[in-house]
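# Architecture and fold: a report
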Amino acid sequence: MFSCRAIPWLKNRHIVIVVPGPLQMDFNLSEEQQMFADSVRRFAEDKLAAGALARAHDPRFPFDVARLLAEQGLLGIAFDPADGGQGGTLLDSVITIEQIASVCPRSADVVQAGNFGPIRTFVEYASAEQKARYLPDLLGGRAVISLGMSEPDAGSAATEMKTAAKADGDHYVIDGSKVFGTHSPDANLFLVYLRFGPGVGGIGSVLVERGTPGFTVGKASSFMSGEEWSPLYFENCRIHKSNVLLGPGGFKKQISGFNVERLGNSSRSLALGRYAFNLAREHALVRRQFGRLLCEFQGLQWKFADMATKLDSAQLLLYRAASVKEGLPSAYHTAMAKLACNQAGFEAANEAVQIMGGLGYSTEALVEYCMRRTRGWMIAGGSIEILKNRIAEDVFERRFDQRGVQVRAAE
Ligand SMILES: Cc1cc2nc3c(=O)[nH]c(=O)nc-3n(C[C@H](O)[C@H](O)[C@H](O)COP(=O)(O)OP(=O)(O)OC[C@H]3O[C@@H](n4cnc5c(N)ncnc54)[C@H](O)[C@@H]3O)c2cc1C
(Lines give C-alpha, C1' and ligand atoms only; values in the text may rest on other atoms or scores of the structure.)
Protein backbone atom coordinates (compact mmCIF):
# COMPACT_ATOMS: atom_id res chain seq x y z
CA MET A 1 0.00 0.00 0.00
CA PHE A 2 1.14 3.48 -0.66
CA SER A 3 0.27 6.72 1.09
CA CYS A 4 0.32 10.19 -0.42
CA ARG A 5 2.34 12.92 1.20
CA ALA A 6 2.57 16.50 -0.01
CA ILE A 7 6.11 17.78 0.02
CA PRO A 8 6.04 21.30 1.57
CA TRP A 9 8.60 22.93 -0.69
CA LEU A 10 6.75 21.62 -3.76
CA LYS A 11 3.32 22.77 -2.55
CA ASN A 12 2.94 25.61 -5.00
CA ARG A 13 3.70 23.33 -7.90
CA HIS A 14 0.81 21.02 -6.93
CA ILE A 15 3.03 17.99 -6.90
CA VAL A 16 2.25 15.08 -4.62
CA ILE A 17 4.95 12.49 -4.07
CA VAL A 18 3.78 8.97 -3.50
CA VAL A 19 5.94 7.28 -0.89
CA PRO A 20 5.68 3.71 0.34
CA GLY A 21 3.50 3.48 3.47
CA PRO A 22 3.35 0.57 5.88
CA LEU A 23 2.99 -2.69 3.95
CA GLN A 24 -0.56 -3.92 4.39
CA MET A 25 -0.74 -6.76 1.90
CA ASP A 26 -0.33 -10.15 3.43
CA PHE A 27 0.27 -12.92 0.93
CA ASN A 28 -0.02 -15.68 3.51
CA LEU A 29 -3.03 -17.41 4.98
CA SER A 30 -3.86 -16.37 8.53
CA GLU A 31 -3.06 -18.79 11.35
CA GLU A 32 -6.74 -19.87 11.52
CA GLN A 33 -6.95 -20.33 7.75
CA GLN A 34 -3.77 -22.41 7.76
CA MET A 35 -5.10 -24.57 10.62
CA PHE A 36 -8.35 -25.03 8.72
CA ALA A 37 -6.46 -25.94 5.53
CA ASP A 38 -4.31 -28.46 7.40
CA SER A 39 -7.32 -30.11 9.02
CA VAL A 40 -9.15 -30.42 5.67
CA ARG A 41 -6.01 -31.91 4.16
CA ARG A 42 -5.71 -34.49 6.98
CA PHE A 43 -9.37 -35.41 6.57
CA ALA A 44 -8.89 -35.86 2.81
CA GLU A 45 -5.79 -38.00 3.27
CA ASP A 46 -7.60 -40.14 5.79
CA LYS A 47 -10.94 -40.57 3.98
CA LEU A 48 -10.48 -39.77 0.29
CA ALA A 49 -6.98 -40.74 -0.78
CA ALA A 50 -7.71 -44.44 -1.16
CA GLY A 51 -10.42 -44.15 -3.83
CA ALA A 52 -9.02 -41.15 -5.73
CA LEU A 53 -8.15 -42.98 -8.97
CA ALA A 54 -11.40 -44.95 -9.18
CA ARG A 55 -13.46 -41.85 -8.42
CA ALA A 56 -11.80 -39.91 -11.24
CA HIS A 57 -12.89 -42.53 -13.76
CA ASP A 58 -16.46 -42.83 -12.45
CA PRO A 59 -18.83 -40.45 -14.25
CA ARG A 60 -21.51 -40.59 -11.55
CA PHE A 61 -21.78 -38.01 -8.81
CA PRO A 62 -20.05 -39.42 -5.68
CA PHE A 63 -22.88 -39.13 -3.15
CA ASP A 64 -20.80 -41.10 -0.62
CA VAL A 65 -18.20 -38.31 -0.68
CA ALA A 66 -20.98 -35.71 -0.45
CA ARG A 67 -22.29 -37.30 2.75
CA LEU A 68 -18.76 -37.48 4.19
CA LEU A 69 -18.14 -33.80 3.44
CA ALA A 70 -21.56 -32.88 4.85
CA GLU A 71 -20.71 -34.62 8.14
CA GLN A 72 -17.54 -32.51 8.34
CA GLY A 73 -19.41 -29.24 7.67
CA LEU A 74 -17.73 -28.82 4.28
CA LEU A 75 -20.95 -28.16 2.35
CA GLY A 76 -22.40 -24.66 2.71
CA ILE A 77 -19.16 -23.40 4.26
CA ALA A 78 -19.88 -19.72 3.52
CA PHE A 79 -23.66 -19.96 3.97
CA ASP A 80 -25.53 -18.38 6.84
CA PRO A 81 -25.92 -20.77 9.80
CA ALA A 82 -29.65 -19.93 9.70
CA ASP A 83 -29.69 -21.66 6.28
CA GLY A 84 -27.78 -24.68 7.57
CA GLY A 85 -24.38 -23.27 6.58
CA GLN A 86 -21.17 -22.84 8.55
CA GLY A 87 -20.90 -19.03 8.55
CA GLY A 88 -17.42 -19.18 6.99
CA THR A 89 -16.05 -17.19 4.08
CA LEU A 90 -15.77 -17.64 0.35
CA LEU A 91 -12.01 -17.92 0.79
CA ASP A 92 -12.54 -20.80 3.25
CA SER A 93 -14.48 -22.56 0.49
CA VAL A 94 -11.64 -21.95 -1.98
CA ILE A 95 -9.14 -23.34 0.54
CA THR A 96 -11.35 -26.42 0.91
CA ILE A 97 -11.33 -27.09 -2.84
CA GLU A 98 -7.54 -26.71 -2.89
CA GLN A 99 -6.99 -29.12 -0.03
CA ILE A 100 -9.52 -31.75 -1.12
CA ALA A 101 -8.30 -31.63 -4.75
CA SER A 102 -4.69 -32.01 -3.69
CA VAL A 103 -5.61 -35.50 -2.45
CA CYS A 104 -8.63 -36.48 -4.59
CA PRO A 105 -9.22 -34.24 -7.63
CA ARG A 106 -12.67 -35.67 -8.37
CA SER A 107 -13.94 -34.99 -4.83
CA ALA A 108 -13.34 -31.27 -5.43
CA ASP A 109 -16.47 -31.42 -7.62
CA VAL A 110 -18.48 -32.22 -4.52
CA VAL A 111 -17.10 -29.14 -2.77
CA GLN A 112 -18.08 -27.17 -5.86
CA ALA A 113 -21.60 -28.62 -5.92
CA GLY A 114 -22.19 -27.91 -2.22
CA ASN A 115 -20.67 -24.42 -2.06
CA PHE A 116 -20.11 -22.67 -5.39
CA GLY A 117 -22.45 -24.01 -8.06
CA PRO A 118 -26.14 -23.26 -8.60
CA ILE A 119 -26.63 -23.92 -4.89
CA ARG A 120 -24.94 -20.56 -4.19
CA THR A 121 -27.31 -18.63 -6.46
CA PHE A 122 -30.17 -20.58 -4.89
CA VAL A 123 -29.15 -19.63 -1.33
CA GLU A 124 -28.70 -16.00 -2.29
CA TYR A 125 -32.20 -15.55 -3.70
CA ALA A 126 -34.46 -18.39 -2.49
CA SER A 127 -37.47 -17.74 -0.25
CA ALA A 128 -37.51 -19.16 3.28
CA GLU A 129 -40.00 -21.79 2.11
CA GLN A 130 -37.78 -22.84 -0.84
CA LYS A 131 -34.75 -23.08 1.43
CA ALA A 132 -36.65 -25.22 3.92
CA ARG A 133 -37.80 -27.47 1.08
CA TYR A 134 -34.43 -28.11 -0.58
CA LEU A 135 -31.43 -27.14 1.54
CA PRO A 136 -31.52 -29.96 4.12
CA ASP A 137 -30.96 -32.60 1.41
CA LEU A 138 -28.54 -30.49 -0.64
CA LEU A 139 -26.37 -29.65 2.38
CA GLY A 140 -26.76 -33.15 3.78
CA GLY A 141 -25.11 -34.68 0.70
CA ARG A 142 -28.29 -36.55 -0.23
CA ALA A 143 -29.18 -34.45 -3.27
CA VAL A 144 -27.41 -32.37 -5.91
CA ILE A 145 -28.65 -29.41 -7.97
CA SER A 146 -27.80 -28.84 -11.64
CA LEU A 147 -27.81 -25.59 -13.60
CA GLY A 148 -29.81 -25.43 -16.84
CA MET A 149 -28.65 -22.29 -18.61
CA SER A 150 -27.07 -23.31 -21.95
CA GLU A 151 -29.31 -24.21 -24.86
CA PRO A 152 -28.58 -25.63 -28.31
CA ASP A 153 -28.75 -22.11 -29.80
CA ALA A 154 -27.70 -20.09 -26.73
CA GLY A 155 -24.23 -20.86 -25.38
CA SER A 156 -21.93 -17.87 -24.92
CA ALA A 157 -24.90 -15.72 -25.96
CA ALA A 158 -26.86 -16.95 -22.95
CA THR A 159 -29.45 -14.18 -23.17
CA GLU A 160 -30.65 -15.63 -26.47
CA MET A 161 -32.26 -18.53 -24.61
CA LYS A 162 -35.63 -19.67 -25.92
CA THR A 163 -36.91 -21.84 -23.07
CA ALA A 164 -39.96 -19.96 -21.82
CA ALA A 165 -42.50 -19.94 -19.01
CA LYS A 166 -46.11 -18.85 -19.64
CA ALA A 167 -48.36 -17.96 -16.70
CA ASP A 168 -51.45 -20.11 -16.25
CA GLY A 169 -53.30 -19.30 -13.02
CA ASP A 170 -51.12 -20.34 -10.06
CA HIS A 171 -48.76 -22.16 -12.40
CA TYR A 172 -46.23 -21.59 -15.13
CA VAL A 173 -46.07 -23.81 -18.20
CA ILE A 174 -42.52 -24.39 -19.45
CA ASP A 175 -41.42 -25.34 -22.96
CA GLY A 176 -37.88 -25.61 -24.29
CA SER A 177 -34.64 -27.52 -23.79
CA LYS A 178 -31.24 -27.26 -22.12
CA VAL A 179 -27.85 -28.84 -22.77
CA PHE A 180 -24.51 -29.56 -21.05
CA GLY A 181 -25.70 -29.31 -17.42
CA THR A 182 -23.06 -30.51 -14.93
CA HIS A 183 -24.43 -33.36 -12.76
CA SER A 184 -27.63 -33.37 -14.83
CA PRO A 185 -27.80 -37.21 -15.00
CA ASP A 186 -27.71 -37.39 -11.17
CA ALA A 187 -29.42 -34.18 -10.08
CA ASN A 188 -32.62 -34.20 -8.09
CA LEU A 189 -33.23 -30.49 -8.58
CA PHE A 190 -32.61 -28.14 -11.54
CA LEU A 191 -32.13 -24.40 -11.48
CA VAL A 192 -33.47 -23.48 -14.91
CA TYR A 193 -32.88 -20.08 -16.47
CA LEU A 194 -35.71 -19.14 -18.83
CA ARG A 195 -37.66 -16.26 -20.15
CA PHE A 196 -40.96 -14.94 -18.84
CA GLY A 197 -40.98 -12.33 -21.57
CA PRO A 198 -38.87 -10.80 -24.36
CA GLY A 199 -35.36 -9.35 -24.03
CA VAL A 200 -32.84 -9.56 -21.20
CA GLY A 201 -35.44 -8.04 -18.86
CA GLY A 202 -37.71 -11.02 -19.48
CA ILE A 203 -35.20 -13.56 -18.15
CA GLY A 204 -35.55 -15.20 -14.73
CA SER A 205 -35.26 -18.66 -13.23
CA VAL A 206 -37.30 -21.50 -11.78
CA LEU A 207 -36.68 -24.64 -9.74
CA VAL A 208 -37.76 -27.89 -11.35
CA GLU A 209 -37.66 -31.23 -9.56
CA ARG A 210 -36.72 -34.43 -11.36
CA GLY A 211 -39.89 -36.37 -12.05
CA THR A 212 -42.09 -33.32 -12.68
CA PRO A 213 -44.58 -34.25 -15.45
CA GLY A 214 -43.53 -32.75 -18.80
CA PHE A 215 -39.86 -32.63 -17.75
CA THR A 216 -37.51 -35.28 -19.20
CA VAL A 217 -33.85 -35.83 -18.39
CA GLY A 218 -32.54 -37.31 -21.66
CA LYS A 219 -29.93 -39.94 -22.47
CA ALA A 220 -26.50 -39.05 -21.07
CA SER A 221 -23.58 -38.04 -23.33
CA SER A 222 -19.94 -37.80 -22.25
CA PHE A 223 -17.58 -34.87 -22.18
CA MET A 224 -13.90 -35.51 -22.98
CA SER A 225 -13.34 -35.40 -19.20
CA GLY A 226 -15.53 -38.48 -18.72
CA GLU A 227 -18.24 -36.42 -16.98
CA GLU A 228 -21.72 -37.00 -18.30
CA TRP A 229 -24.46 -34.55 -19.15
CA SER A 230 -28.07 -35.11 -20.16
CA PRO A 231 -30.22 -32.87 -22.33
CA LEU A 232 -33.26 -31.50 -20.51
CA TYR A 233 -36.62 -31.34 -22.29
CA PHE A 234 -39.60 -29.30 -21.14
CA GLU A 235 -42.87 -30.04 -22.92
CA ASN A 236 -45.93 -28.44 -21.42
CA CYS A 237 -44.27 -28.80 -18.02
CA ARG A 238 -46.38 -27.23 -15.26
CA ILE A 239 -44.72 -25.89 -12.14
CA HIS A 240 -46.31 -23.99 -9.28
CA LYS A 241 -45.49 -20.28 -9.01
CA SER A 242 -43.80 -20.97 -5.68
CA ASN A 243 -41.02 -22.60 -7.73
CA VAL A 244 -39.90 -19.29 -9.24
CA LEU A 245 -36.47 -18.33 -7.90
CA LEU A 246 -36.12 -15.00 -9.70
CA GLY A 247 -38.88 -13.51 -11.84
CA PRO A 248 -38.48 -11.31 -14.91
CA GLY A 249 -35.51 -8.95 -14.49
CA GLY A 250 -33.56 -11.54 -12.50
CA PHE A 251 -30.81 -12.12 -15.06
CA LYS A 252 -28.31 -9.65 -13.58
CA LYS A 253 -28.76 -11.11 -10.10
CA GLN A 254 -28.31 -14.61 -11.50
CA ILE A 255 -25.07 -13.65 -13.16
CA SER A 256 -23.84 -12.07 -9.91
CA GLY A 257 -24.51 -15.38 -8.17
CA PHE A 258 -22.81 -17.13 -11.07
CA ASN A 259 -19.57 -15.26 -10.26
CA VAL A 260 -19.22 -17.52 -7.23
CA GLU A 261 -19.67 -20.57 -9.46
CA ARG A 262 -16.91 -19.17 -11.66
CA LEU A 263 -14.58 -18.94 -8.66
CA GLY A 264 -15.24 -22.59 -7.81
CA ASN A 265 -14.43 -23.42 -11.41
CA SER A 266 -11.24 -21.30 -11.10
CA SER A 267 -10.25 -23.02 -7.85
CA ARG A 268 -10.61 -26.46 -9.36
CA SER A 269 -8.64 -25.49 -12.48
CA LEU A 270 -5.82 -24.23 -10.34
CA ALA A 271 -5.94 -27.12 -7.87
CA LEU A 272 -5.88 -29.77 -10.59
CA GLY A 273 -3.06 -27.96 -12.38
CA ARG A 274 -1.12 -27.97 -9.12
CA TYR A 275 -1.92 -31.63 -8.53
CA ALA A 276 -0.45 -32.52 -11.93
CA PHE A 277 2.50 -30.16 -11.35
CA ASN A 278 3.33 -31.89 -8.05
CA LEU A 279 3.19 -35.36 -9.60
CA ALA A 280 5.45 -34.26 -12.46
CA ARG A 281 7.86 -32.65 -9.99
CA GLU A 282 8.13 -35.86 -7.94
CA HIS A 283 8.65 -37.79 -11.17
CA ALA A 284 11.40 -35.44 -12.36
CA LEU A 285 13.21 -35.89 -9.04
CA VAL A 286 13.55 -39.68 -9.43
CA ARG A 287 13.31 -40.55 -13.15
CA ARG A 288 16.68 -40.96 -14.90
CA GLN A 289 17.36 -40.79 -18.64
CA PHE A 290 20.78 -40.49 -20.32
CA GLY A 291 22.24 -41.17 -16.86
CA ARG A 292 20.76 -38.00 -15.35
CA LEU A 293 17.65 -37.11 -13.39
CA LEU A 294 14.97 -35.39 -15.48
CA CYS A 295 15.12 -32.37 -13.15
CA GLU A 296 18.75 -31.84 -14.22
CA PHE A 297 17.78 -31.04 -17.84
CA GLN A 298 17.44 -27.29 -18.28
CA GLY A 299 14.70 -27.73 -20.88
CA LEU A 300 12.52 -29.29 -18.20
CA GLN A 301 13.60 -26.90 -15.42
CA TRP A 302 12.29 -24.01 -17.51
CA LYS A 303 8.96 -25.75 -17.94
CA PHE A 304 8.68 -26.07 -14.15
CA ALA A 305 9.68 -22.44 -13.65
CA ASP A 306 6.98 -21.28 -16.08
CA MET A 307 4.36 -23.56 -14.55
CA ALA A 308 5.14 -22.47 -10.98
CA THR A 309 5.05 -18.78 -11.93
CA LYS A 310 1.72 -19.10 -13.75
CA LEU A 311 0.14 -21.14 -10.95
CA ASP A 312 1.25 -18.70 -8.25
CA SER A 313 0.14 -15.64 -10.24
CA ALA A 314 -3.27 -17.17 -10.84
CA GLN A 315 -3.58 -18.06 -7.16
CA LEU A 316 -3.07 -14.42 -6.14
CA LEU A 317 -5.82 -13.31 -8.53
CA LEU A 318 -8.09 -16.06 -7.21
CA TYR A 319 -7.51 -15.05 -3.58
CA ARG A 320 -8.12 -11.40 -4.44
CA ALA A 321 -11.45 -12.25 -6.08
CA ALA A 322 -12.49 -14.56 -3.25
CA SER A 323 -11.52 -12.14 -0.46
CA VAL A 324 -14.86 -10.35 -0.39
CA LYS A 325 -15.76 -8.77 2.94
CA GLU A 326 -19.47 -9.24 2.24
CA GLY A 327 -21.81 -9.96 -0.65
CA LEU A 328 -20.82 -11.45 -3.98
CA PRO A 329 -17.42 -11.17 -5.69
CA SER A 330 -16.74 -8.50 -8.31
CA ALA A 331 -17.34 -9.50 -11.92
CA TYR A 332 -14.02 -7.99 -13.03
CA HIS A 333 -11.93 -9.71 -10.36
CA THR A 334 -13.78 -12.96 -11.00
CA ALA A 335 -13.26 -12.82 -14.77
CA MET A 336 -9.53 -12.16 -14.33
CA ALA A 337 -9.16 -14.92 -11.73
CA LYS A 338 -11.00 -17.45 -13.89
CA LEU A 339 -9.05 -16.56 -17.01
CA ALA A 340 -5.71 -16.87 -15.18
CA CYS A 341 -6.65 -20.06 -13.30
CA ASN A 342 -8.15 -21.77 -16.36
CA GLN A 343 -5.04 -21.08 -18.41
CA ALA A 344 -2.48 -21.81 -15.67
CA GLY A 345 -4.29 -25.00 -14.61
CA PHE A 346 -4.55 -26.40 -18.11
CA GLU A 347 -1.03 -25.41 -19.14
CA ALA A 348 0.45 -26.97 -15.98
CA ALA A 349 -1.52 -30.20 -16.41
CA ASN A 350 -0.69 -30.37 -20.13
CA GLU A 351 3.04 -29.86 -19.46
CA ALA A 352 2.91 -32.40 -16.63
CA VAL A 353 1.66 -35.03 -19.10
CA GLN A 354 4.57 -34.20 -21.39
CA ILE A 355 7.13 -34.32 -18.59
CA MET A 356 5.88 -37.70 -17.40
CA GLY A 357 5.93 -39.15 -20.91
CA GLY A 358 4.01 -42.40 -21.48
CA LEU A 359 3.23 -42.63 -17.78
CA GLY A 360 1.64 -39.19 -17.82
CA TYR A 361 -0.51 -40.17 -20.79
CA SER A 362 -1.67 -43.34 -19.08
CA THR A 363 -4.95 -43.57 -17.16
CA GLU A 364 -3.13 -45.11 -14.19
CA ALA A 365 -1.77 -41.69 -13.25
CA LEU A 366 -4.22 -38.86 -12.62
CA VAL A 367 -2.18 -36.38 -14.64
CA GLU A 368 -4.03 -37.03 -17.90
CA TYR A 369 -7.32 -36.74 -15.97
CA CYS A 370 -6.27 -33.31 -14.69
CA MET A 371 -5.43 -32.28 -18.24
CA ARG A 372 -8.82 -33.37 -19.58
CA ARG A 373 -10.72 -31.70 -16.73
CA THR A 374 -8.84 -28.39 -16.86
CA ARG A 375 -9.42 -28.23 -20.62
CA GLY A 376 -13.19 -28.20 -20.10
CA TRP A 377 -13.12 -25.28 -17.67
CA MET A 378 -11.68 -23.07 -20.40
CA ILE A 379 -15.10 -23.49 -22.07
CA ALA A 380 -17.50 -23.95 -19.13
CA GLY A 381 -18.92 -21.13 -17.04
CA GLY A 382 -17.83 -18.37 -19.40
CA SER A 383 -15.21 -19.37 -21.95
CA ILE A 384 -11.82 -17.69 -21.78
CA GLU A 385 -12.78 -15.53 -24.77
CA ILE A 386 -15.97 -14.33 -23.09
CA LEU A 387 -13.96 -13.55 -19.93
CA LYS A 388 -11.55 -11.46 -21.98
CA ASN A 389 -14.51 -9.59 -23.46
CA ARG A 390 -15.71 -8.89 -19.92
CA ILE A 391 -12.28 -7.71 -18.74
CA ALA A 392 -11.92 -5.45 -21.79
CA GLU A 393 -15.20 -3.73 -20.85
CA ASP A 394 -13.64 -2.68 -17.56
CA VAL A 395 -10.43 -1.66 -19.27
CA PHE A 396 -12.29 0.68 -21.62
CA GLU A 397 -15.12 1.50 -19.18
CA ARG A 398 -17.78 0.79 -21.78
CA ARG A 399 -19.90 -2.08 -22.98
CA PHE A 400 -19.17 -3.77 -26.30
CA ASP A 401 -22.24 -5.27 -27.92
CA GLN A 402 -21.19 -8.66 -29.30
CA ARG A 403 -24.17 -8.92 -31.62
CA GLY A 404 -23.77 -8.34 -35.34
CA VAL A 405 -25.58 -5.49 -37.04
CA GLN A 406 -27.88 -7.96 -38.84
CA VAL A 407 -29.00 -9.60 -35.58
CA ARG A 408 -29.76 -6.26 -33.97
CA ALA A 409 -31.70 -5.13 -37.03
CA ALA A 410 -33.80 -8.31 -37.05
CA GLU A 411 -34.92 -7.85 -33.41
C1 LIG B 1 -17.35 -29.10 -18.72
C2 LIG B 1 -18.54 -28.25 -19.03
C3 LIG B 1 -19.52 -28.07 -18.05
C4 LIG B 1 -20.63 -27.29 -18.34
N5 LIG B 1 -21.61 -27.16 -17.38
C6 LIG B 1 -22.73 -26.45 -17.67
C7 LIG B 1 -23.80 -26.36 -16.72
O8 LIG B 1 -23.72 -26.89 -15.61
N9 LIG B 1 -24.93 -25.69 -17.08
C10 LIG B 1 -25.05 -25.08 -18.28
O11 LIG B 1 -26.08 -24.48 -18.54
N12 LIG B 1 -24.05 -25.16 -19.21
C13 LIG B 1 -22.92 -25.82 -18.92
N14 LIG B 1 -21.90 -25.91 -19.86
C15 LIG B 1 -22.04 -25.24 -21.14
C16 LIG B 1 -21.16 -23.99 -21.24
O17 LIG B 1 -21.66 -22.97 -20.43
C18 LIG B 1 -21.09 -23.61 -22.73
O19 LIG B 1 -20.42 -24.65 -23.40
C20 LIG B 1 -20.37 -22.28 -22.93
O21 LIG B 1 -21.15 -21.22 -22.45
C22 LIG B 1 -20.03 -22.06 -24.39
O23 LIG B 1 -21.17 -22.20 -25.17
P24 LIG B 1 -21.14 -23.14 -26.47
O25 LIG B 1 -20.58 -24.43 -26.09
O26 LIG B 1 -22.48 -23.10 -27.08
O27 LIG B 1 -20.09 -22.46 -27.43
P28 LIG B 1 -20.33 -21.16 -28.36
O29 LIG B 1 -21.03 -20.11 -27.59
O30 LIG B 1 -20.92 -21.60 -29.65
O31 LIG B 1 -18.85 -20.66 -28.60
C32 LIG B 1 -17.95 -21.34 -29.47
C33 LIG B 1 -16.60 -20.65 -29.41
O34 LIG B 1 -16.75 -19.30 -29.85
C35 LIG B 1 -16.26 -18.41 -28.85
N36 LIG B 1 -17.08 -17.20 -28.84
C37 LIG B 1 -18.44 -17.12 -28.80
N38 LIG B 1 -18.82 -15.84 -28.76
C39 LIG B 1 -17.68 -15.08 -28.74
C40 LIG B 1 -17.43 -13.68 -28.69
N41 LIG B 1 -18.41 -12.79 -28.61
N42 LIG B 1 -16.13 -13.27 -28.68
C43 LIG B 1 -15.10 -14.18 -28.76
N44 LIG B 1 -15.31 -15.51 -28.84
C45 LIG B 1 -16.57 -15.96 -28.81
C46 LIG B 1 -16.38 -19.18 -27.56
O47 LIG B 1 -15.48 -18.69 -26.57
C48 LIG B 1 -16.03 -20.59 -28.01
O49 LIG B 1 -14.63 -20.74 -28.03
C50 LIG B 1 -20.76 -26.67 -19.61
C51 LIG B 1 -19.77 -26.85 -20.57
C52 LIG B 1 -18.67 -27.63 -20.29
C53 LIG B 1 -17.61 -27.79 -21.34
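Figured I'd write up the structure that's included with this text. (Residues numbered from 1 in each chain as written. Predicted model: local features only at pLDDT ≥ 70, side-chain atom pairs only at ≥ 80, totals over all residues. Heavy atoms only, no water.)

Scanning the model with the defined rule gives 20 salt bridges in all. In this structure, R133 and E129 form a salt bridge, with 2.8 Å as the shortest nitrogen-oxygen distance. Linking R133 with E129, this pair stays in helix α7 (residues 128-139), spanning four residues, or about one helical turn. For R133, a relative accessible area of 30% puts it in the partly exposed group. Taking relative accessible area as the criterion, E129 reaches 41% and is therefore assigned partly exposed. The partner of E368 in a salt bridge is R372, and the shortest N-O contact between them spans 2.7 Å. (Salt bridge = Lys/Arg side-chain N within 4 Å of Asp/Glu carboxyl O. Helix = DSSP H or I, 4+ residues; strand = E, 2+ residues; numbered from the N terminus. Buried < 20%, exposed > 50% of the residue type's maximum accessible area, 1.4 Å probe, protein only.)

All right, on to the nonpolar core then. The biggest cluster of nonpolar side chains holds 115 residues, and the ones touching the most others in it are L69, I100, F122, I174, V206, V208 and F234. Looking at this core element by element, the count peaks at 13 residues for helix α10 (residues 331-361). Among residues more than four places away in sequence, those in contact with V206 are I174, F190, L191, V192, L194, F196, I239, N243, V244 and L245. (Core = buried A, V, L, I, M, F, W, Y, C linked by side-chain atoms within 4.5 Å. Contact = heavy atoms within 4.5 Å.)

So, about the packing of helix α6 (residues 118-125) against α7. Look at α6 against α7: their axes get within 11 Å of each other, and the N-to-C directions meet at 150°. Here α6 is positioned roughly antiparallel relative to α7, judged by the angle of their axes. Here α6 runs over α7; the crossing is left-handed. Contacts between α6 and α7 involve I119, F122 and V123 from the former and Q130, K131, Y134, L135, L138 and L139 from the latter. (Axes fitted to C-alpha atoms, helices over the stretch in contact; angles between N-to-C directions. Parallel < 35°, antiparallel > 145°, perpendicular 65-115°, else oblique. Left-handed = near helix turned anticlockwise from the far one by under 90°.)

This part is about the site of the ligand. Taken together, 21 residues are adjacent to the ligand, and M149, S150, S156, S383 and E385 come closest. L147 places a polar main-chain atom, nitrogen or oxygen, 2.8 Å from a nitrogen atom of the ligand. At 2.7 Å, a side-chain N or O of E385 approaches an oxygen atom of the ligand. Considering the ligand on its own, with 970 Å² of exposed area, one finds that the protein chains cover 68% of that surface. Tallying contributions element by element places helix α12 (residues 384-396) first for the shell around the ligand, with three residues. Within the shell around the ligand, the residues separate by chemical class into eight nonpolar, eleven polar and two charged. (Near = heavy atom within 4 Å. Polar contact = N/O pair within 3.5 Å; in protein donor to acceptor, adjacent residues only side chain to side chain. Areas by Shrake-Rupley, 256 points an atom, 1.4 Å probe, with all protein chains shown as cover. Nonpolar A, V, L, I, M, F, W, Y, C, P; charged D, E, K, R; others polar.)

So far we have only geometry, and geometry alone does not tell us how the molecule works.
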